[in-house]
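A look at the structure
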Amino acid sequence: MDKKTMNSQMLAELICGGIRNLVLHKDEVNDLNVFPIPDGDTGNNMLMTMQGSETAVPYEDEGVGEYARRAADGMLFSARGNSGVILSQIADGMAAGLEGVECADVKDTERAFLCGVEHAYSAVAEPVEGTILTVVREAAEYASSLNCSDIQEYLDAFLHQAHESLSHTPELLEILKKSGVVDSGGAGLIYIVEGALSVLKGEAIETVSEFPEHTAPAAGLNFDLFNEDSELVYGYCTELLLRLQRKKTDIEHFDLAGFREYLQSIGDSVVCLQTGSVVKLHVHTKEPYLVLQYGQRFGEYLTVKIENMSLQHNNLPADSKLVHPEEHKQFGVVAVATGEGNKKNFREMGTDQIVQGGQTMNPSADDFIEAFRRINADTIFVLPNNSNVILTAEQAAKLYEAADIRVIPSRSIGDGYAILSMLDLDSGDPDAIERDMNQSMEGVVTGSVTQCIRDTEMDGFHLREGQYLGIVGKEIVSADNDRRDTACMLTARMDFTGHQICIIVRGKDSTEEEAEEIVEQLRKEHRDCEFIVQNGGQELYSYYVILE
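What counts, and at which threshold
- Every chain begins its residue count from 1, and numbering advances along the sequence as written.
- Local features are withheld for residues below a pLDDT of 70 in this predicted model, meaning they are given only at 70 or higher, and side-chain atom pairs are given and counted only at 80 or more; totals for whole chains, interfaces and linings count all residues.
- Each side-chain value is worked out from all heavy atoms of the structure, with water and hydrogens disregarded.
- The helix count covers DSSP runs of H or I at least four residues long, the strand count covers runs of E at least two residues long, and both are numbered beginning at the N terminus.
- In this description the radius of gyration comes from C-alpha coordinates, and the expected globular size is given by 2.2 Å times residues to the power 0.38.
- The cut-offs for exposure are 20% and 50% of the maximum accessible area for each residue type, with area from a 1.4 Å probe on protein chains only; residues under the lower value are buried, those over the upper are exposed, and the others partly exposed.
- Residue burial considers only the protein chains on display, and all accessible areas are found by Shrake-Rupley using a 1.4 Å probe.
- Counted charges follow a simple rule, with Lys and Arg positive, Asp and Glu negative, and His plus the chain ends left uncounted.
- A charge is said to be at NZ when it belongs to Lys, at CZ for Arg, at CG for Asp and at CD for Glu.
- Pairs of strands are assigned from DSSP output, requiring at least two bridges between the strands.
- Fitted lines through C-alpha atoms serve as axes, helices being fitted only where they are in contact, and the angles separating the N-to-C directions of these axes extend from 0 to 180 degrees.
- Whether two residues are in contact is decided by their heavy atoms: any pair within 4.5 Å suffices.
- For every residue, the predictor assigns a confidence score, pLDDT, that lies between 0 and 100.
- By convention in this document, the label disulfide applies to cysteine sulfur atom pairs within 2.5 Å.
- Whenever Lys or Arg places a side-chain nitrogen within 4 Å of a carboxyl oxygen from Asp or Glu, that contact is recorded as a salt bridge.
- Centres within 6.5 Å make a pair out of two Phe, Tyr or Trp rings, where for Trp the six-membered ring is used; the pair is then stacked when the planes are under 30 degrees apart, edge-to-face when over 60, and tilted otherwise.
- Here the word oblique covers every angle except those under 35 degrees (roughly parallel), over 145 (roughly antiparallel) and from 65 to 115 (roughly perpendicular).
- A clockwise turn of the near helix away from the far one marks a right-handed crossing, whereas an anticlockwise turn of less than a right angle marks a left-handed crossing.
- Side-chain classes are defined by residue name, with Ala, Val, Leu, Ile, Met, Phe, Trp, Tyr, Cys and Pro counting as nonpolar, Asp, Glu, Lys and Arg as charged, and the others, Gly among them, as polar.

1. What about the overall build of the protein?
Helix and strand counts for the protein come out as 19 helices and 16 strands. In summary, the protein has a C-alpha radius of gyration of 25 Å against a globular reference of 24 Å for 548 residues, a match within 12%. With the principal axes as the frame, the protein shows a C-alpha extent of 75 × 65 × 45 Å. Out of the 548 residues in the protein, the part that is buried amounts to 56%. Only carbon and sulfur atoms are counted for the fraction: they give 47% of the accessible area of the protein, which is about 24300 Å². If the 44 positive side-chain charges of the protein are averaged to one point and the 91 negative ones to another, these points end up 1 Å apart.

Dropping the structure here:
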């Protein structure tokens, strides 16, 4: 393989090598999780983000810059978890650095990596050193300073410094030092680059089986729910990839705004994005043939997906029906939740769409975008309810143009409950509503009970695999072999001062009787507090204890 220059096919092979090597080592990346609780999913998140690039297959005579842009776009939409979002931003920056390049040399590669660093840092409001950011920055700066003769030499130098930087991450982040591990995101990046370099050197990478998704495939639709007498109420969800053709239009001056305006005239929930000569569009319409006819004025379709939304609607549970396209509203709410009870509670409290997710099941940017599409609203408020989901929600908000998306930085399920319990949209002022939502989280304390996944020492506790842990924020405050006792010790260490409401949300593995026993004890200790028990049905966490 040529080491001096890189065309689109070669870049695709390097990306594939990176994915294959990450599959081999994803569990090692997951195990670098600093907390002994079941949230070690960095490797999974980075892998599924990388797999988004597989939707882009290099075309004959396509420049490396154009292909890099399509691969990066796939990653942007597939990104999940903080490390996944940062990884997708690195790819986005690299694509920007390669814009217009037909065949990249080592200088183009240097510029691409440095642009990737710049994009990644700008994507995070408060960049933290000792993470994947540090590893990619120091590696790119070092390799770019050496005046390498070819791409292989550059990647060798990049990896040398990346390993060095990764080894120093515990010196930059105290939590890594305490746990005796290095940064998981930085480790994932190294495995990706190692896989790419192996391909460049002609070295074989072990064959791996396909990586299983977290979620099971959707059940088949029951076509009997749209019969001979049914009415097409909701139209068709129409998603297309259109390749603009030079013989049909001026690609460089293509009128995307005019295209979007036409789609809005025949449907709603319009998304229209252009990347190079490819236009990605989404529209809900009763006449999808008009979309197909109009698009062919400018090019030809790469992919076509048209689905009967009335059939989709009829197959949904009664409490999860699609919003009628004509039922336009000023405001909508999207919330992340797991557990049937939590999802039901959130819907009853005013949430329009639920995005399935939480610990070990971080949703992708595309999951959020699909939820946005299902809401016909001017302004949509988003509750991530997990600190590892906020960046993904913010990325989805940037990618979606059909509504004003406001991401509320809710970091726990308790924040979500607090916001929704005080939800008031009557003012009609999105700025005021956003401000009220942020204020609703102030002072909320969320504790949780889960099980330890490995033997370790942390926060003064000698922890053993299988023990129950009581956690407030990121601090372990109780540990015991008995679930009820752990929950009682957790609540004993939570400060009830100034809190009038305590919500106990029980998970799948706990019982109603046990929850009532915990509450009965709490009522004796905190007579002025109102206690509410909810059946959340969440996995992994036996209890959430929320103080409002």
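2. Observations concerning unusual backbone geometry
Even without being glycine, aspartate 61 reaches a positive phi, approximately 65°. By secondary structure assignment, the location of aspartate 61 is in the loop between α2 (42-51) and α3 (64-78). Accessibility expressed as a relative area gives 72% for aspartate 61, which makes it exposed. The backbone of asparagine 147 sits at a positive phi, close to 55°, despite the residue not being glycine. According to the relative accessible area criterion, asparagine 147 is exposed, its value standing at 56%.

3. A few points about the sheet that holds strand β6 (residues 353-356)
Strands belonging to one sheet form pairs held by backbone hydrogen bonds; the direction of such a pair is parallel or antiparallel. Judged by pairing direction, the sheet is parallel, and its four strands sit side by side in the order β6-β5-β7-β8 without closing on themselves. Each of the sheet's edge strands pairs with one partner strand only, and the pair in question is β6 and β8 (404-407). On average, adjacent strands in this sheet sit at an angle of 20° to one another, irrespective of strand direction. Contacting β5 (329-337), β7 (377-383) and β8, helix α17 (residues 430-441) runs over the sheet at an angle of about 10° to β7.

4. Focus on the confidence of the model for the protein
Averaged over every residue, the pLDDT of the protein is 89; residues scoring 70 or more account for 93%. Counted against residues more than four places away or in other chains, residues 211-219, with its pLDDT under 50, gives nine contacts.

5. Points about the state of the cysteines
By the definition in use, this model includes zero disulfides. Looking at the unpaired cysteine 16, the closest cysteine sulfur is the one in cysteine 103, lying at 19 Å. For cysteine 16, a relative accessible area of 36% translates into the label partly exposed.

6. Remarks on the pattern of salt bridges
Tallied over the entire structure, the rule returns 29 salt bridges. The partner of glutamate 62 in a salt bridge is arginine 70, and the shortest N-O contact between them spans 2.9 Å. The same class applies to glutamate 62 and to arginine 70, which are both buried. Close ionic contact of arginine 484 with glutamate 517 constitutes a salt bridge, the shortest N to O distance being 3.0 Å. A residue pair is termed long-range when its members are at least 10 positions apart, and arginine 484 in helix α18 (residues 483-492) and glutamate 517 in helix α19 (residues 512-525) qualify at 33 residues. Given the relative accessible area of 40%, glutamate 517 is considered partly exposed.

7. Notes on the sheet that holds strand β16 (residues 541-547)
With respect to topology, six strands assemble into an open sheet ordered β13-β12-β9-β16-β14-β15, the strand pairing being mixed. In the strand order of this sheet, the two ends are held by β13 (475-480) and β15 (530-535), each with one partner. Going across the sheet, the axis of each strand differs from the next one's by a mean of 15°, ignoring polarity. Pairing of strand β14 (residues 501-506) with β15 involves six bridges; the strand directions are parallel. Note on β15: the bridge partner recorded for isoleucine 501 is glutamate 530. Along the sheet, helix α16 (residues 413-421) makes contact with β9 (445-451), β14, β15 and β16, crossing β16 at roughly 45°.

8. Describing the packing of aromatic side chains
Taken as a whole and assessed by the stated rule, the structure comprises 15 aromatic pairs. Considering the side-chain rings of phenylalanine 259 and phenylalanine 298, the 5.7 Å spacing of their centres and the 55° angle between planes classify their relative orientation as tilted. One end of the pair, phenylalanine 259, is in helix α10 (residues 256-266); the other, phenylalanine 298, is in the loop between α11 (288-295) and β4 (299-308), and 39 residues separate them in sequence. Across this residue pair, the class does not change: phenylalanine 259 and phenylalanine 298 are buried. For the pair tyrosine 262 and tyrosine 294, a centre-to-centre distance of 3.8 Å together with 15° between the ring planes defines the contact as stacked. Here tyrosine 262 is found in helix α10, whereas its partner tyrosine 294 is found in helix α11, with 32 residues between them in sequence. Grouped by ring-pair contacts, the aromatic residues Phe254, Phe259, Tyr262, Tyr294 and Phe298 constitute a single cluster.

9. Looking at the environment of leucine 98
Along the polypeptide, leucine 98 turns up in the loop between α4 (81-97) and α5 (106-123). Placed 13 residues apart in sequence, leucine 98 and arginine 111 show a C-alpha to C-alpha distance of 7.8 Å. Apart from residues no more than four positions distant in its own chain, leucine 98 is found in contact with Gly65, Ala68, Ala104, Asp108 and Ala112.

10. A look at the packing of α16 against α17
At a minimum axis distance of 8 Å, the contact between α16 and α17 shows a crossing angle of 130°. The pairing of α16 with α17 is recorded here as oblique in orientation. Every pair of crossing elements has a handedness; the one defined by α16 and α17 is right-handed. Along the contact surface, α16 presents Asp415, Ala418 and Ile419, while α17 presents Met437, Ser440 and Met441. Considered class by class, the residues forming the contact of α16 with α17 number four nonpolar, one polar and one charged.

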